[in-house]
Amino acid sequence: MKTLLLGAMVSLVLQTGLAFGPDWVGKTAPDFTLRTLDGGSNLSLKDCRGSVVVVDFWASWCAPCKRSLPQLASLESNGVRVIAVNVDDVRQNGVEFLKRNNISVTALYDGQKTVASRYDVPAMPSALIIDKSGVVRFLHIGYTADDFAEFKRQIERLR
């Protein structure tokens, strides 16, 4: 009975588009406001309207994040905004990760994982590309060397 109930719940989540997956594409990205990783200020996703936005969920313990974050950060220019949402339990771990790896990006802190939960992020890293009007156009879970070329293609389509 528990298995049947769990299966029904998973099916409901997938049908309502709440799971991180293809159902997100074409829908408005849920707004969120988080404090920057350095604790300096707040940023809302809606503040980025008018730009193509890459939202990347990452953690300091994530080996692929060490490779993906510098590449994603390099995309930030000419109307593209990269927002790196850190989900570490300890804020300082994320701060030190960025320093140690010399990564300069707009980093927000989601220590309570409220935004990651709202987006139902399944793994680190997971990224969404959002168009200028706030609609999700592409999403990706994980990271390999070949993924960066696809990110660039998707962004170019939205400029």
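Enquirer: When you look at the overall build of the protein in this model, what are you seeing that I'm missing?
Expert: For the protein, the count of helices and strands is five helices and seven strands. Each helix and strand of the protein, ordered N terminal to C terminal, gives the series α-β-β-β-α-β-α-β-α-β-β-α. Every one of the 159 residues in the protein was classed for burial, and the buried ones make up 48%. Carbon together with sulfur atoms contributes 53% to the accessible area of the protein, which is approximately 8400 Å² in total.

Enquirer: Just checking my understanding: could you explain the sheet that holds strand β7 (residues 136–141) for this structure?
Expert: Backbone-to-backbone hydrogen bonds pair the strands of a sheet. The strands run either parallel or antiparallel. Taken together, seven strands build an open sheet; the order of strands is β2-β1-β5-β4-β3-β6-β7 and the sheet is mixed. One side of each edge strand has no neighbouring strand; the edge strands of this open sheet are β2 (42–44) and β7. Between one strand and the next, the sheet's axes are offset by a mean angle of 30°, whatever the strand orientation. Across five bridges, the pairing between strand β3 (residues 52–58) and strand β6 (residues 126–130) is antiparallel. Residue pairing across strands places valine 53 opposite isoleucine 130, the latter belonging to β6.

Enquirer: Please clarify how the state of the cysteines should be interpreted in this entry.
Expert: Where two cysteines share a covalent bond between their sulfur atoms, that bond is called a disulfide. Taken as a whole, this structure holds one disulfide when the rule is applied. With a sulfur-sulfur separation of 2.4 Å, cysteine 62 is cross-linked through a disulfide to cysteine 65. Judged by the torsion about the S-S bond (85°), the cysteine 62/cysteine 65 disulfide is right-handed. An identical accessibility class is assigned to cysteine 62 and cysteine 65; each is buried.

Enquirer: So what exactly am I meant to see when it comes to empty space enclosed by the protein here?
Expert: Under the definition given, this model contains one cavity of 30 Å³ or more. Looking at the largest cavity, its volume works out to about 50 Å³. Along its surface, the largest cavity is lined by Ala29, Asp31, Leu45, Lys46, Cys48, Arg49, Val53, Ile130, Asp131 and Gly134. Grouping the constituent residues of the lining of the largest cavity by class yields five nonpolar, one polar and four charged.

Enquirer: Mind showing me how you'd approach helix α3 (residues 91–100) here?
Expert: The α-helix winds at 3.6 residues per turn, so residues separated by three or four positions along the chain end up facing the same way. Three or more residues of α3 are buried, namely Gly94, Val95, Phe97 and Leu98. Projected onto a plane normal to the axis of α3, the buried residues spread over an arc of 160° and lie on a single side. Turned more than 90 degrees from where α3 packs its buried face, Lys99 and Arg100 sit exposed. Against β3, α2 (63–73), β4 (80–86) and β5 (106–109) lie the buried residues of α3. At the exit of α3 stands asparagine 102, carrying a positive phi of roughly 50°.

Enquirer: Hey, could you run me through the confidence of the model for the protein in this one?
Expert: Close reading of the predicted structure is inappropriate where its pLDDT is low. When pLDDT is averaged along the protein, the result is 88; 89% of the residues meet or exceed 70. Per-residue pLDDT stays below 50 along residues 1–18; that stretch engages in eleven contacts with residues further than four places along the chain or on separate chains.

Enquirer: Looking at this structure, I do not really get the pattern of salt bridges. What am I missing?
Expert: It is possible for side chains bearing opposite charge to pair when their charged atoms get close. All told, the structure shown has five salt bridges when counted by the stated rule. Between arginine 81 and glutamate 76 there is a salt bridge, with the nearest N and O atoms lying 4.0 Å from each other. For arginine 81, a relative accessible area of 25% gives the class partly exposed.

Conventions used here
Residues numbered from 1 in each chain as written. Predicted model: local features only at pLDDT ≥ 70, side-chain atom pairs only at ≥ 80, totals over all residues. Heavy atoms only, no water. Helix = DSSP H or I, 4+ residues; strand = E, 2+ residues; numbered from the N terminus. Buried < 20%, exposed > 50% of the residue type's maximum accessible area, 1.4 Å probe, protein only. Areas by Shrake-Rupley, 256 points an atom, 1.4 Å probe, with all protein chains shown as cover. Pairing = 2+ DSSP bridges. Axes fitted to C-alpha atoms, helices over the stretch in contact; angles between N-to-C directions. Disulfide = S-S within 2.5 Å. 1 Å grid on protein atoms, 1.4 Å probe; cavity = no way out; pocket = protein on both sides within 12 Å on 5 of 7 lines; lining within 4 Å. Points joined across faces, edges and corners; volume = space filled by probe spheres on them. Nonpolar A, V, L, I, M, F, W, Y, C, P; charged D, E, K, R; others polar. Arc of directions from axis to C-beta. Contact = heavy atoms within 4.5 Å. pLDDT = per-residue confidence, 0-100. Salt bridge = Lys/Arg side-chain N within 4 Å of Asp/Glu carboxyl O.

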